[in-house]
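Topology and contacts: notes
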Amino acid sequence: MEKVRVLIVDDSAVMRKIIASALQKESSIEIVGFAANGLQAIQAIQTYNPDVMTLDIEMPEMDGLTALREIRKVNKYLPIIMFSSLTHKGAQAAVMALTAGASDYVGKPVNTASGIDDAFKVLETELIPKIIGLAKRVKSRKVREVQLANTQAMASHAPPQDKSITAKSLASARPISKIAVKVNKATSGLLAKPAEAVCIGVSTGGPEALMQVFAAFTAPIGVPIFIVQHMPADFTALLAARLSSIGVMTVKEAEEGEIAEPGIAYMAPGGFHMALSRPGTKTIIHLNTEPPENSCRPAVDVLFRTASQVYGSSLLAVMLTGMGYDGLKGAQIIKEKGGQLIAQDEATSVIWGMPGAVVQAGLADTVLPIDKITDEIIFRTRKVLTSR
């Protein structure tokens with residue numbers, strides 16, 4: 001089995017050793033190099049051609065955030081996992097990195113002798129699964145690109161009588177389910193019923209995806225939006241503020257008992273499930289610390305499930321990039337009640353786990369690239385229904 005090639009970037013020799021020791025226990029991972037700052041990291045990418053890079057944020061000469069931006073100018077797809085301290089300052093830096101194109105993040109473990117065991121636990125339970133998942137995604141993308149290039153080359157040299165064979169080859173070169181092909185079309189004509197609320201579920205790669213969605217709104221929409229992004233405490237409030245600052249929609253961290261208002265987006269706080277109820281005519285937001293679902297709190301399933309009870313067929317759910325399958329059960333309930341569901345496509349997802357699960361289950365009404373999703377939300381929530 002081909003190993004995942006990892007480049008470790010950290011200015012601390014002790015931390016580099018701790019990370020390396022943890023990764024070396026995983027047989028599917030190979031450490032190909034080290035770098036002590038952002039400048040060395042940029043050079044090391046050219047030298048080692050890693051599959052995944054871990055990148056510390058606070059470093060001399062060139063910090064991780066600056067290095068990330070420089071790398072993304074020339075390399076869009078290299079998975080980069082940021083390390084940040086679990087402080088307010090570290091959370092701010094991590095959110096900036098995630099919205100600038102980092103694939104994911106891990107809270108930096110302590111490097112004191114008393115914390116070595118905790119450090120290894122963090123690395124083994126959080127970092128290693130993310131490295132393997134992100135590497136698998138990139139490798140599958142590369143395979144598709146090679147297959148597509150080969151079939152296009154074959155098509156350009158094929159004699160006229162082979163056109164039907166070439167078409168079949170081209171279709172088989174794209175490992176997308178028949179379900180995805182069926183629903184991957186723009187909505188047109190009249191909608192039977194406009195949505196009265198939007199729920200968004202997202203995880204790995206989510207901050208950058210949410211940035212693209214909210215930056216594209218030209219005016220606040222006339223319904224509330226509810227967001228579950230898998231993130232720890234402190235991070236969600238910072239991400240909400242960042243999303244508010246780049247667009248026309250107000251995005252805020254949700255509060256217990258508040259009434260949902262049209263044109264406002266509410267993000268579940270890290271560490272809390274977000275549920276909805278409607279005891280009268282108003283939708284009320286509830287936060288709780290009940291057990292995690294799908295190893296997540298907040299969990300998309302909790303939001304989808306309770307929102308479907310409130311809005312029924314008037315609910316629009318959006319599943320964006322993310323690892324795992326959180327939200328699948330909730331999506332099934334939404335569809336049972338007649339709601340609508342948009343899924344991000346595989347090509348623009350950092351990880352096509354969560355959206356892929358709903359597509360492969362036949363639950364998505366449409367599958368779209370990230371730059372088309374805002375228009376689709378506007379279309380499916382507008383009150384005046386006209387053909388596109």
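The structure this text deals with has already been given above.
Residues numbered from 1 in each chain as written. Predicted model: local features only at pLDDT ≥ 70, side-chain atom pairs only at ≥ 80, totals over all residues. Heavy atoms only, no water.

Digging into the pairing of strand β13 (residues 340–344)
When you tally the buried positions in β13, you get five out of five residues, the bulk of the element. Both faces of β13 are covered, namely the face carrying Q340, I342 and Q344 and the face carrying L341 and A343. This β-α-β element, strand β12 (residues 315–319) to helix α11 (residues 328–336) to β13, shows right-handed connectivity. Alignment of β13 against strand β14 (residues 366–368), held across three bridges, turns out to be parallel. By the bridge assignment, A343 is partnered in β14 with V367. Taken together, β13, helix α12 (residues 354–360) and β14 form a β-α-β motif whose crossover is right-handed. (Buried < 20%, exposed > 50% of the residue type's maximum accessible area, 1.4 Å probe, protein only. Helix = DSSP H or I, 4+ residues; strand = E, 2+ residues; numbered from the N terminus. Right-handed = clockwise from strand over helix to strand, strands pointing away. Pairing = 2+ DSSP bridges.)

A closer look at helix α13 (residues 370–381)
Counted at 1.5 Å a residue, the expected span for α13 with its twelve residues is 16 Å, and the 18 Å between its end C-alpha atoms agrees. Residues I370, I373, T374, E376, I377, F379, R380 and T381 constitute the buried set of α13. Residues of α13 that are buried make contact with β6 (197–202), α8 (206–215), β12, β13 and β14. (Expected span 1.5 Å × (residues − 1). Contact = heavy atoms within 4.5 Å.)

Some details on unusual backbone geometry
Cis geometry marks the peptide bond from R297 to P298; its omega dihedral reads 15°. Structurally, P298 can be placed in the loop between β11 (284–288) and α10 (300–311). Despite not being glycine, N294 has its phi angle at roughly 55°, a positive value. Take N294: it is sitting in the loop between β11 and α10. Residue class for N294 comes out partly exposed when judged on its relative accessible area of 27%.

Overview of the packing of aromatic side chains
Taken as a whole and assessed by the stated rule, the structure comprises three aromatic pairs. Between Y105 and F235, the ring centres sit 5.0 Å apart and the planes meet at 20°, which makes this aromatic pair stacked. One end of the pair, Y105, is in strand β5 (residues 104–107); the other, F235, is in helix α9 (residues 235–245), with 130 residues separating them in the sequence. Geometrically, the ring pair formed by F214 and F217 is tilted, given 5.7 Å between the ring centres and 55° between the ring planes. Given a relative accessible area of 1%, F214 falls into the buried group. Taking the relative accessible area as the measure of exposure, F217 reaches 3% and is therefore buried. The ring of Y105 has K130 lying over it, and the distance from NZ or CZ to the ring centre is 5.0 Å. (Phe/Tyr/Trp six-rings, centres within 6.5 Å; stacked < 30°, edge-to-face > 60°. Lys NZ or Arg CZ within 6 Å of the ring centre and 35° of its normal.)

Observations concerning helix α3 (residues 64–74)
Within α3 the residues assigned to the buried category are G64, L65, A67, L68, I71 and R72. The arc enclosing the buried residues of α3, seen along the axis, measures out at 155°, which places them on a common side. Relative to its buried face, α3 has exposed residues pointing more than 90 degrees away, namely K73 and V74. In this structure, the buried side of α3 is in contact with α2 (38–48), β3 (52–56), β4 (80–84) and α4 (88–99). Two or three places before L65, at the start of α3, stands the capping residue D63, its side-chain oxygen 3.1 Å from that residue's backbone nitrogen. (Arc of directions from axis to C-beta. Polar contact = N/O pair within 3.5 Å; in protein donor to acceptor, adjacent residues only side chain to side chain.)

As for the sheet that holds strand β8 (residues 250–253)
With respect to topology, seven strands assemble into an open sheet ordered β8-β9-β7-β6-β12-β13-β14, the strand pairing being parallel. In this open sheet, the two strands that pair with only one neighbour each are β8 and β14. Averaged over all pairs of adjacent strands, the angle between their axes in this sheet comes to 20°, without regard to strand direction. Sheet topology note: the strand β7 (residues 225–229)/strand β9 (residues 264–267) ladder contains three bridges and is parallel. Following the sheet pairing, I225 is matched in β9 by A265. The strands touched by α8 within the sheet are β6, β7, β8, β9 and β13, with β7 carrying the most contacts at an inclination of about 160°. (Axes fitted to C-alpha atoms, helices over the stretch in contact; angles between N-to-C directions.)

With respect to the sheet that holds strand β2 (residues 29–35)
What the five strands build is an open sheet, ordered β2-β1-β3-β4-β5; its pairing is parallel. Single-partner strands in this sheet number two, and they are β2 and β5. Between one strand axis and the next, the sheet turns through 25° on average, direction left out of account. One ladder, built from four bridges, connects β3 with β4; its direction is parallel. Bridged to T54 within β4 is I81.

Considerations on the pattern of salt bridges
Under the defined criterion, the tally for this structure stands at eight salt bridges. The partner of K130 in a salt bridge is D104, and the shortest N-O contact between them spans 3.4 Å. Of this pair, K130 sits in helix α5 (residues 116–157) while D104 sits in strand β5, and the two are 26 residues apart along the sequence. Of the two residues, K130 and D104, both sit in the buried class. We note a salt bridge from K252 to E258, for which the minimum N-O separation is 3.0 Å. The exposure class assigned to K252 is partly exposed, which follows from its relative accessible area of 22%. Its relative accessible area of 17% is what places E258 among the buried residues. Via salt bridges that share partners, K252, E255 and E258 belong to a single interconnected network. (Salt bridge = Lys/Arg side-chain N within 4 Å of Asp/Glu carboxyl O.)

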